[in-house]
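# A look at the structure
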Amino acid sequence: MSLHVENLALYYQTLRGDVKALERATFTVADGEIMGLAGESGCGKTTLGNGLILLTPPMKFIEGCVKLDGVELPIWDMERMMPFRYKEISLIPQYAMSAMNPTRKTGKMISELLESRGVSYKDTLPELKRRLDLVELSHDVLNMYPIELSGGMKQRMVMVLSTLLNPSLLIADEITSALDVSTQRAVAKMLVEFRDRGFVKSVILITHDMSILYQIADSILVMYAGILAEKASTEVIIKSPRHPYTKLLISSLPEVGVKYSEKKLTGIPGSPPQLLDPPTGCRFRDRCPVAFDKCLEAPPFIELEKDHFVACWKEF
Amino acid sequence: MLKLDNISKVYKVGTFGGKELQAVSNVSFDINKGEVVSLIGESGSGKSTIGKMILRLTSISSGAIMVDGVDISTLKKGELRGYYRKVQGVFQDPFSSYNPIFKADRVFSILRDELFPEVNGSEWQDRVNKSLEAVGLNPDIVLNKYPHQLSGGQLQRLLIARALLLDINLLVADELISMLDASTRIDVLNLLADLKSRGLSVLFITHDLSLGYYISEKAVILYRGCVAEMGATEKLFGNPLHPYTKMLLNSVPRLDKKWEAEAVELETEAQAKQSEFTGGCVYYGRCPIADKELGCDRCRPALLEVDCDHFVACFRYGDGFGGVATP
Amino acid sequence: MIEQKLKKKNEFVYFALRNKKLQIGLTVVLFFLVLTFIGPLLTQNEPFAYVNPGGAEPPSSEYWFGTTFFGQDVFAQFGRGLRATFLVGLIGGGLATLIGVVIGFTAGYRGGLVDEILNLVTNIVLVIPTLAVLLIVAAYLEVRTIFTECLFIGLTAWPWAARAIRAQTFSLRTREFVDLAKLSGMKDRKIIFKEIAPNMMSYLFMTFILQFGGAILIAATLDFIGLGPTDAISLGLMMQVAVLWGALQLGFWWWFIPPGFAIMAIVGSLYIMNVGLDEVFNPKLREM
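Residues numbered from 1 in each chain as written. Chains lettered and ligands numbered in written order. Predicted model: local features only at pLDDT ≥ 70, side-chain atom pairs only at ≥ 80, totals over all residues.

### Quick notes on the overall build of chain B
Assigned secondary structure in chain B consists of 11 helices and 14 strands. Expressed as a percentage of the 327 residues in chain B, the buried residues total 45%. Looking at chain B alone, contacts between residues at least 24 apart form 63% of all its contacts between residues at least 6 apart. (Helix = DSSP H or I, 4+ residues; strand = E, 2+ residues; numbered from the N terminus. Buried ≥ 20, exposed ≤ 12 C-beta atoms within 10 Å, placed from the backbone. Contact = placed C-beta atoms within 7 Å.)

### Details of the overall build of chain C
Broken down by element type, chain C carries 13 helices and zero strands. Along chain C, from the amino end to the carboxyl end, the secondary structure elements read α-α-α-α-α-α-α-α-α-α-α-α-α. When burial is assessed residue by residue, chain C has 44% of its 288 residues classed as buried. Taking as baseline every contact in chain C between residues at least 6 positions apart, the subset at least 24 positions apart corresponds to 72%.

### Things to note about unusual backbone geometry
All names here are of chain A. In this model, Pro57 is joined to Pro58 through a cis peptide bond whose omega is 5°. The residue Pro58 is located in the loop between helix H1 (45–53) and strand E4 (59–68) in this model. Not every positive phi belongs to a glycine, and Asn166 is a case in point at roughly 50°. Here Asn166 lies in the loop between helix H5 (151–162) and strand E7 (169–173). According to the C-beta neighbour criterion, Asn166 is partly exposed, with 16 such atoms within 10 Å. With a phi close to 50°, Glu174 is a non-glycine residue in the positive phi region. With respect to the helices, strands and loops of the structure, Glu174 is situated in the loop between E7 and helix H6 (181–196). The class for Glu174 is partly exposed, based on 19 C-beta atoms found within 10 Å.

### So, the confidence of the model for chain B
The predicted model of chain B has a mean per-residue pLDDT of 82, with 90% of residues at 70 or higher. In this model residues 323–327 of chain B is a low-confidence stretch, pLDDT under 50, and it forms 12 contacts with partners more than four residues away in sequence or in other chains. (pLDDT = per-residue confidence, 0-100.)

### What to know about the environment of B:Leu165
All names here are of chain B. Counting through the fold element by element, Leu165 comes out in helix H6 (residues 152–165). Measuring from C-alpha to C-alpha, the distance between Leu165 and Val119 comes to 12 Å, with 46 residues separating the pair along the chain. In this structure Leu165 touches Leu111, Arg127, Val128 and Ser131, once residues within four positions along its chain are discounted.

### Focus: helix H9 (residues 188–199) of chain C
Residue and element names in this part refer to chain C. In this model, H9 (12 residues) spans 16 Å end to end at C-alpha, consistent with the 16 Å of a helix rising 1.5 Å per residue. The set of residues buried in H9 consists of Ile192, Glu195 and Ile196. Relative to the axis of H9, the buried residues are bounded by an arc of 125° and lie together on one face. Of the exposed residues in H9, the ones pointing more than 90 degrees away from its buried face are Arg189 and Phe193. Buried residues in H9 make contact with helix H3 (74–110), helix H7 (159–173) and helix H8 (176–183). (Expected span 1.5 Å × (residues − 1). Arc of directions from axis to C-beta.)

### Considerations on the packing of helix H2 (residues 20–38) of chain C against helix H13 (residues 253–281) of chain C
All names here are of chain C. One can describe the packing of H2 onto H13 by two numbers: an axis separation of 7 Å at closest approach and a directional angle of 145°. The two elements H2 and H13 cross, and the hand of that crossing is left-handed. In this structure, H2 contributes Lys21, Leu22, Ile24, Gly25, Leu26, Val28, Val29 and Phe32 to the contact, and H13 contributes Ala262, Ala265, Ile266, Ser269, Leu270, Ile272, Met273, Val275, Gly276, Leu277 and Val280. For the contact of H2 with H13, the class distribution of residues is 15 nonpolar, three polar and one charged. (Axes fitted to C-alpha atoms, helices over the stretch in contact; angles between N-to-C directions. Left-handed = near helix turned anticlockwise from the far one by under 90°. Nonpolar A, V, L, I, M, F, W, Y, C, P; charged D, E, K, R; others polar.)

### Some points on the pairing of strand E8 (residues 201–206) of chain B
Residue and element names in this part refer to chain B. Extensive coverage of E8 is indicated by the burial of six of its six residues. Burial along E8 is two-sided: the residues Ser201, Leu203 and Ile205 and Val202, Phe204 and Thr206 are all buried. Looking at chain direction, strand E3 (residues 36–41) and E8 are connected through five bridges and run parallel. The residue of E8 that forms the bridge with Val37 is Leu203. (Pairing = 2+ DSSP bridges.)

### Some remarks on the interface of chain A and chain B
Contact residues are listed per partner, giving 39 residues for chain A and 37 residues for chain B. In terms of residue class, the side of chain A that touches chain B is built from 18 nonpolar, 13 polar and eight charged.

### Brief notes about the domain arrangement of chain B
All names here are of chain B. By the assigned domains, chain B splits into domain 1 (2–86 + 168–325) and domain 2 (101–165). Counting residues at the interface gives 12 residues for domain 1 and nine residues for domain 2. Considering every element that reaches the side of domain 1 that touches domain 2, the biggest residue donor is helix H7 (residues 182–195), with four residues. Here the side of domain 1 that touches domain 2 is built from residues that sort into eight nonpolar, one polar and three charged. (Domains from an automatic or database assignment.)

### Describing the sheet that holds E7(A)
Residues and elements named next belong to chain A. Sheet architecture is open: eight strands sit in the order E6-E7-E8-E3-E9-E10-E12-E11, paired in mixed fashion. Taken across any chain shown, the strands that pair with only one partner, and hence form the sheet edges, are strand E6 (89–92) and strand E11 (302–305). Geometrically, the sheet is characterised by an average inter-axis angle of 25° between neighbouring strands, direction not taken into account. As paired strands, E11 and strand E12 (residues 308–310) are joined by three bridges and run antiparallel to one another. The residue bridging Glu303 from the neighbouring strand is Phe309, located in E12. Most of the contacts of H1 go to E7, to which it runs at about 140°, and overall it touches strand E3 (34–38), E6, E7, strand E8 (202–207) and strand E9 (219–224). The strands touched by H6 are E3, E7 and E8; relative to E8, the strand with the most contacts, the crossing angle is about 160°.

### Here we look at the confidence of the model for chain C
In the predicted model, chain C carries a mean pLDDT of 82, and the fraction of residues at 70 or more is 93%. Confidence estimates for the predicted assembly give a pTM of 0.79 and an ipTM of 0.81.

### Thoughts on the pairing of E4(A)
Side chains on a regular strand alternate between the two faces of the sheet. Residues and elements named next belong to chain A. Sheet topology note: the strand E1 (residues 3–14)/E4 ladder contains eight bridges and is antiparallel. Across the sheet, Glu6 pairs through a bridge with Cys65, a residue of E4. Sheet topology note: the E4/strand E5 (residues 71–72) ladder contains two bridges and is antiparallel. The partner of Leu68 across the bridge, within E5, is Val71. Taking the residues that link successive antiparallel strands as the turn, the E4-E5 hairpin has two residues, and the phi of Asp69 there is positive, at about 55°.

### Brief notes about the sheet that holds strand E12 (residues 304–307) of chain B
Residue and element names in this part refer to chain B. What the eight strands build is an open sheet, ordered E6-E7-E8-E3-E9-E10-E13-E12; its pairing is mixed. Looking at the sheet topology across the chains shown, the edges are occupied by strand E6 (87–90) and E12. Adjacent strand axes in the sheet meet at a mean angle of 20°, parallel and antiparallel pairs treated alike. Of the strand pairs in this sheet, strand E7 (residues 170–174) and E8 are connected by five bridges, and their pairing is parallel. Pairing of Leu170 across the sheet is with Ser201, part of E8. Sitting on the sheet, helix H1 (residues 47–54) touches E3, E6, E7, E8 and strand E9 (218–223), and the angle it makes with E8 is about 150°.

### What about the nonpolar core?
One recurring pattern in soluble globular proteins is that nonpolar side chains are buried together. B:Ala173, B:Leu203, B:Val220 and B:Val227 are the most contacted members of the largest nonpolar core, which totals 98 residues. Top contributing element to this core by residue count: H6(B), with eight residues. Both domain 1 (2–86 + 168–325) and domain 2 (101–165) of chain B contribute no fewer than three residues apiece to this core. Setting aside residues no more than four positions away along its own chain, B:Val220 makes contact with B:Phe29, B:Val37, B:Leu39, B:Ile40, B:Val227 and B:Met230. With 93 residues, the next largest nonpolar core counts A:Tyr11, A:Ala96, A:Ile237 and A:Phe309 among its residues. (Core = buried A, V, L, I, M, F, W, Y, C linked by C-beta atoms within 7 Å.)

### Thoughts on the packing of H3(C) against helix H10 (residues 201–224) of chain C
All names here are of chain C. With their axes 7 Å apart at the nearest point, H3 and H10 run at an angle of 130° to one another. The orientation of H3 relative to H10 falls into the category oblique. Judged by the twist between their axes, the crossing of H3 over H10 is right-handed. On H10, the residues that touch Thr85, Val88, Gly89, Leu90, Gly92, Gly93, Ala96, Thr97 and Val101 of H3 are Leu204, Thr207, Phe208, Gln211, Phe212, Gly214, Ala215, Ile216 and Ala219. (Parallel < 35°, antiparallel > 145°, perpendicular 65-115°, else oblique.)

As structure tokens, then:
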């Protein structure tokens, strides 16, 4: 499978005008790739993730083309996207754990979901049980209410549910954020296992936690203020980034082994621009230590080396 | 300066309060002047409860908390004001910490009305400005704004500035930066570390080990309300002894090395349902080196000093004696 | 900075003025309110005066709403009746809201034993068969004024408000700004009034409107079955007398339809206003 996004722009409609949440997004996710979509809050990663599968108001489709396995996805049309959702492209939304209906036993919820897609619950049950074993959940959870499960268990449950029909592309939105360290690791590894066993072909993992991405992602796409800043393989992004924002971001992350008294880390002064009326040119230039006059013009997202894309004039 | 002596907190749960939930069990540690101590634990470890007990937002079920030699549970309502001039807290969600219908700097005026009514207008304004500058904020930018007009980082700094106005001795920072963006986190963290030089002690409550390592001299690792291991940060992280600490360090995602291939022991459904322990070490169900011979399932190990400034609560260390049998 | 404060207030006013439900509801209620004031001025007839020797007559140019069985001017009664209705809504509803607020806040904020006790009280009052009690009270009080009716309604209609406010207070009390206020040394009562209540202003407002409408409805019911005030005229009383004197069988529709319709219109509009207000105050419910 492959996902190809070309020049995608999505805005949010608000009373005061359109918030330019995502612009000029062009990238590709290859078959079997786990791509991390990283950035801080407000950078547009959730917009991109949700827009690909569930473009609801106040989100507005402006322009762009999304192709999954060569077939164009009509993401602006909720009805026409129905056959793709859950079967070709699936989503684990943010706060999925609390998204389960508290008045339904999980088994009943799954059967209702499957029936709504025209898939028989009885036929899928053996496969479902196999997958529950894989994520170390006993079959009894199907008879439990969500409130009886712990956070980690709910997250694993949602993961199994979202991938039950073997979608080509899975979009996982902050699935490790609210979890304990040990569960986080288990869930992240589970994601890799799902990919390795072919339950999903490729994954877009949206998170702000770069260290999780270092552990399991094949490539990382860094976003800033609605624009793609850099995309490369994980090693390259973490060890030798080229975009000034990526460099500053990586160097501001504390590590076990780094002490304040020995090496004081620095953050990035200032804050991201308001996207209601974003600045012209490069959106990072106000906080960028190496900005110069050319930055008044928006830099294109260009492949500098094989599979390494950067949007920065300084690097061209 | 702050001493926790055998603190416990029990909640009554269930219909008519029949069952008990032991949120904190026999925790003891202390914080010296100008020291940053990290209280590290995952959800359910009781770390926030300890913070709330120190701030007297929750009652203490048993044990004593001594601040400068005074048992704070003996303080009456009237004396609490004096206590809050010495001890303050900052919480996790910056947007929940402000009343959304009022301006952000109302937190300062509340402080003045309650604790400094005698200070006149312009002098108070001076103090506020000095506090703001001490935390790296520009008074012209942050004053007179509503909370939703400021960023999370600014709001948290504003809260630290508020605490500084009181010339406090101890700041309880409960997951202070976990809701902030990566690029602002480190600045707020650095700010806390800088304040140490003013003689401020900080109890840094977090679930993130790398943050704990970065900023603190001592660390206390909590699991299900009990102290698993505690001591100087380098000793703790350089040579972890308790199996839980080892598991934490292995599971934390790092930027310099990948996870090892071995599986991690996860909480089962049975353990998730359990809300009380019948005795025995709290980590017994998940412990890879548990041993019935040593009594891991019957007694709770006491916290023993196995090395200078390094304490562990595990029967594998300390010669197997010192276990505390629980009723 | 003044612009920002104005902007926030303006945001509410902006949505309020554009909300259809609010517009319709408010128009209807205001119409009747205006009628309350100018209605009695439009006719010289006293409500109880026997002005028409012909007895019951359908509406005409002289008697806009016709006359009753006894020859009284229905419109004159209507105008006065409206006044009583609004009064009951205001005082009865207001009293119920006040009691509900005090109990709700206290129970929600304190929790624990205080909460349990107040809950008990609330549940008891909720369960009391108000009709039976009123019958007993009526047997003892030979003369009942409108204010007695207001008092009775106020003392029995508050449990719903108390419950709703308690729930809201519960959720607000766990927010961290309340903790912060405690850490500043603020006393509990001050926290309730200065931190929690202002956050619930829209909720309190809507509760009052619901109580207002509810009081009118209860009063109309009580009046209709004969437990209303003995010395006044209200819409419910009009309907009671009408039905008692055979208006239904004799076809005197002008006697009971105007008051019945007015009650329905006012209470219904109040409820519609409430739904509209909910949309105004809660941004998530607004249609873009």
